[in-house]
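Residues per chain are reported as follows:
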Amino acid sequence: MALDGCGIVCKYILILFNLIFALLGFAFLGLGLWLRFSNSTRGIFGMDIPYTETFIFGVTVLIALGSVMLIVVMFGDYGACNEKKCALQVFSALLAILAGAEIVVGVLAYSRRYEVGANIAEFYNSLYSLYISGGDPGIGVTLTFIHNMLHCCGITGISLVEVVKQTCPKPDGFMEKLVMPNCPGVITNVFDSKAPLVMGIFLGTGALLIIALICSLTLSRKICLSASSPQYIILTQSTPVLANPQPSQHEFVSTSYPDHDPVTFTPLTVANIPVAQA
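Residues numbered from 1 in each chain as written. Predicted model: local features only at pLDDT ≥ 70, side-chain atom pairs only at ≥ 80, totals over all residues. Heavy atoms only, no water.

Asks: Could you clarify how one ought to interpret the state of the cysteines in this entry?
Replies: Disulfides are covalent bonds that connect the sulfur atoms of two cysteines. The full count for this structure, using the stated rule, is two disulfides. A disulfide-free cysteine, cysteine 10 has its sulfur positioned 4.3 Å from the sulfur of cysteine 215, the nearest such atom. Judged by its relative accessible area of 8%, cysteine 10 falls in the buried class. (Disulfide = S-S within 2.5 Å. Buried < 20%, exposed > 50% of the residue type's maximum accessible area, 1.4 Å probe, protein only.)

The structure is reproduced here in structure tokens:
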């Protein structure tokens with residue numbers, strides 16, 4: 001028996017979800033690999049300075065998350081397109097783990113927003129000090145990216161005394177030519193003010209994963225019901241039946257009489273006996 005309407009809807013929802021999930025997985029994996037092996041950021045992994053573990057951990061999480069998402073998509077697409085129950089069960093288990101992880105990370109990021117923001121600010125200070133002492137171009141590119149993204153300039157923010165002002169963005173107005181926001185303060189404030197938004201993103205992603213999990217379980221159940229339902233064969237051609245069928249010449253009728261055993265008539269066989277000529 002084929003899938004009903006609910007099963008078909010769940011099937012196409014899973015296909016669309018896996019397509020979006022695959023794009024995100026490739027994006028996370030590509031960004032993580034670029035940060036790990038790019039010439040501008042590869043030198044950070046060899047640094048022996050405080051708080052570089054935060055950056056290395058973040059890059060590792062991107063690579064691992066992208067890889068896990070692509071594995072999940074592989075099981076989900078195979079199970080949904082080919083209606084394979086085992087693949088859908090593995091897909092559902094991985095979705096449950098990812099949904100739980102998303103919710104836990106979102107809650108922890110919100111509850112420890114001050115600590116996380118301070119750690120990121122300290123990591124920026126370490127990169128800043130290392131760039132001043134060595135002038136590594138890879139770190140300079142990283143600082144330029146951070147300055148333009150947050151619209152800040154170094155530790156002091158004063159263009160006249162800031163030693164990394166070549167990495168700072170263009171000032172907006174006359175006052176920013178003299179003083180711009182300093183990056184450690186901007187990092188702490190931004191993470192503190194955007195913590196509810198960050199938690200909302202994590203929780204929203206977890207909710208989407210739960211919806212996909214429900215669709216996967218529903219589709220798996222429909223496939224199981226479809227496989228266990230009895231199959232019926234419908235005949236499209238029928239043999240005509242005679243209205244008054246006549247008995248065959250080789251059929252004999254047995255006649256029974258009351259209080260007597262039934263008598264069966266046995267056909268006689270006529271042999272070909274040669275006749276003598278007179």
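Asks: I would appreciate a short explanation of helix H4 (residues 113-134) in the present structure.
Replies: Side chains that are three or four residues apart share a direction in an α-helix, a result of its 3.6 residues per turn. For H4, which comprises 22 residues, the first-to-last C-alpha distance of 32 Å matches the rise-based estimate of 32 Å (1.5 Å per residue) to within 8%. Every buried residue belonging to H4 is among Arg113, Gly117, Ala121, Phe123, Tyr124, Asn125, Ser126, Leu127, Tyr128 and Tyr131, and all of these are buried. Glycine 135 sits one or two residues past H4 and shows a positive phi near 65°. (Helix = DSSP H or I, 4+ residues; strand = E, 2+ residues; numbered from the N terminus. Expected span 1.5 Å × (residues − 1).)

Asks: Sorry, what's going on with the pattern of salt bridges here?
Replies: As a working rule, side chains carrying opposite charge can pair if their charged atoms are close by. One pass over the structure, following the stated rule, counts one salt bridge. For the salt bridge of glutamate 83 with lysine 11, the shortest nitrogen-to-oxygen distance reads 3.4 Å. Placement of glutamate 83 in the loop between helix H2 (52-82) and helix H3 (85-111) and of lysine 11 in helix H1 (residues 5-37) is noted, with a sequence separation of 72 residues between them. Residue lysine 11 is classed as buried on the basis of its relative accessible area of 16%. (Salt bridge = Lys/Arg side-chain N within 4 Å of Asp/Glu carboxyl O.)

Asks: Explain a nonpolar patch on the surface to me, please; I cannot follow it from the model alone.
Replies: Side chains of Ile158, Leu160, Val161, Phe174, Met175, Leu178 and Val179 sit close together on the surface and give an oily, nonpolar patch of about 740 Å² of accessible area. Position of methionine 175 relative to the elements: it lies in the loop between helix H5 (137-150) and helix H6 (183-193). Assessed through its relative accessible area of 59%, methionine 175 is described here as exposed. (Patch = residues over 30% accessible without salt bridge, like charges linked within 9 Å, V, L, I, M, F, W, Y side chains within 5 Å. Areas by Shrake-Rupley, 256 points an atom, 1.4 Å probe, with all protein chains shown as cover.)

Asks: Help me out: how do you make sense of the packing of H4 against H6 in this one?
Replies: How two helices pack is summed up by the angle between their axes together with the distance between the axes. Between H4 and H6, the least distance of the axes is 9 Å, while the angle of their chain directions is 155°. In terms of their interaxial angle, H4 and H6 are classed as roughly antiparallel. In the packing of H4 onto H6, the handedness of the crossing is right-handed. Contact residues: Arg113, Tyr114, Val116, Gly117, Ile120, Ala121, Tyr124 and Asn125 in H4; Cys183, Pro184, Ile187, Thr188, Phe191 and Asp192 in H6. Here the residues of the contact of H4 with H6 sort into nine nonpolar, three polar and two charged. (Axes fitted to C-alpha atoms, helices over the stretch in contact; angles between N-to-C directions. Parallel < 35°, antiparallel > 145°, perpendicular 65-115°, else oblique. Left-handed = near helix turned anticlockwise from the far one by under 90°. Contact = heavy atoms within 4.5 Å. Nonpolar A, V, L, I, M, F, W, Y, C, P; charged D, E, K, R; others polar.)

Asks: What am I meant to see in the packing of H1 against helix H7 (residues 195-228) here?
Replies: The geometry of H1 relative to H7 is characterised by a closest axis approach of 9 Å and an angle of 140° between their N-to-C directions. As far as their axial angle goes, H7 and H1 are oblique. As for the relative orientation of H1 and H7, their crossing is left-handed in sense. Every residue of H7 that contacts H1 at Cys6, Gly7, Cys10, Lys11, Ile13, Leu14, Phe17 and Phe21 is listed here: Leu208, Leu209, Ala212, Cys215, Ser216, Thr218, Leu219 and Lys222. By residue class, the composition of the contact of H1 with H7 is eleven nonpolar, three polar and two charged.

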